[in-house]
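Each chain, written out:
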Amino acid sequence: MKVSLVIMAAGLGSRYGGSKQVDGIGPHNEILMEYSIYDALRAGFNKVVFIIKPEMEEMMHRICGDYLAKKTALDGSPVEVAYAFQDFSSVPDFYQIPAERTKPFGTVHALLCAADVVHEPCCVINADDYYGIDAYRTIYQELVKLPETGKATMVGYLLKNTASLHGTVSRGICTTRDGYLESVREALKVQLYPDGTLRDLAEDRPLAPDTVVSMNFWGFMPSIFPALRTYFEDFLRNEAGDNIKAECLLPVMVDQQMHTGALEVSVLHSADKWFGMTYHEDREIVAGELRRLHAEGAYPEDLRV
């Protein structure tokens, strides 16, 4: 059975101060998405899709795409590698893109750009996050059981483990019941303080440290794509306007689909800790965590072998 890992890597990384998706952070200059790929392949995934800007294609081939295409999946098949491009050419003609806009339209648009190359159950992730070995095993086991329509899944993380002391982050704040997602709302300015407290600065309210959040670790069937297209076109017609920073986000789209009864989303939990780089000051923390994981034997010396 084909199951794909879809990596959203076209973001500009403006708050990080550089292209964090391709920042060599591991002990041997590995980039974060190489850990995601390694973990996914040993969990059973056998296809990897990179969603990138067109100008990144040669670099992605060189960094990991070419060696990945030579690897063998757990089921003995060659690992399939595909590329999808997130740019303005996929935006419908009815929408006039503001002249000043340079950044992509967000994660709904990103996944929609992969519609032509994803025809199987898929796990959708951010390129600049580390989700943990157990998370891929957990979501793979759920993905292979999902029906063709009406169901999705996600791995949830605790808010206290996903915020940064170096500035605000955006998180999908979840409410759950009996193992299923009830709602998810986007908190755009979550601040962690040195005493461990958290606050949503945009709405000026405290947040519980053990709140479940979405870190864009979603599991979908390919039947999600028509809904993505409809939602994105509605976003362009009603919300985007002349806002050069407006983003169409997967957590918000999933919340809308749940409230219309079109989608039921199971919430999975991982035994591993998430970490990632939002700000450049986060880099050394992440590098230290990766050194520790290598030293403990969680990863081999060379991920590329």
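Trainee: When you look at the environment of Asn46 in this model, what are you seeing that I'm missing?
Mentor: Among the secondary structure elements, Asn46 is positioned in the loop between helix H1 (32–43) and strand S2 (47–52). By relative accessible area, which is 2% here, Asn46 ends up buried. A C-alpha to C-alpha distance of 37 Å links Asn46 and Gln191, two positions 145 residues apart in sequence. Residues contacting Asn46, with those up to four places away along its chain left out, are Met1, Lys2, Val3, Ala73, Asp75, Ser77, Pro78, Val79 and Glu80. A polar contact is formed between the side chain of Asn46 and the backbone nitrogen of Val3, at a distance of 3.0 Å.

Trainee: Before we go on, may I ask you to explain the packing of aromatic side chains in this structure?
Mentor: What characterises a pair of aromatic rings is the spacing of the ring centres plus the angle enclosed by the ring planes. Using the criterion set out here, one finds 16 aromatic pairs in the structure. Here Phe50 and Tyr83 contribute two aromatic rings whose centre-to-centre distance is 5.6 Å and whose plane-to-plane angle is 25°, an arrangement assigned as stacked. Pair noted here: Phe50 is in strand S2 and Tyr83 is in strand S3 (residues 80–85), with a separation of 33 residues, a long-range link. The two residues Phe50 and Tyr83 agree in class, both being buried. Ring geometry for Trp218 versus Phe220: centroids 6.0 Å apart, planes at 15°, classification stacked. Judged by relative accessible area, Trp218 falls into the buried class, the value being 0%. Ring-pair connections join several aromatic residues into one group, and the members of that group are Phe45, Tyr131, Tyr136, Tyr140, Tyr157 and Phe217. Arg101 extends its terminal NZ or CZ atom over the ring of Phe105, reaching a point 3.9 Å from the ring centre. The positively charged end of Arg237 is found above the aromatic ring belonging to Phe94, 4.0 Å away from the centroid.

Rules used in this analysis
- Residues numbered from 1 in each chain as written.
- Predicted model: local features only at pLDDT ≥ 70, side-chain atom pairs only at ≥ 80, totals over all residues.
- Heavy atoms only, no water.
- Helix = DSSP H or I, 4+ residues; strand = E, 2+ residues; numbered from the N terminus.
- Buried < 20%, exposed > 50% of the residue type's maximum accessible area, 1.4 Å probe, protein only.
- Contact = heavy atoms within 4.5 Å.
- Polar contact = N/O pair within 3.5 Å; in protein donor to acceptor, adjacent residues only side chain to side chain.
- Phe/Tyr/Trp six-rings, centres within 6.5 Å; stacked < 30°, edge-to-face > 60°.
- Lys NZ or Arg CZ within 6 Å of the ring centre and 35° of its normal.

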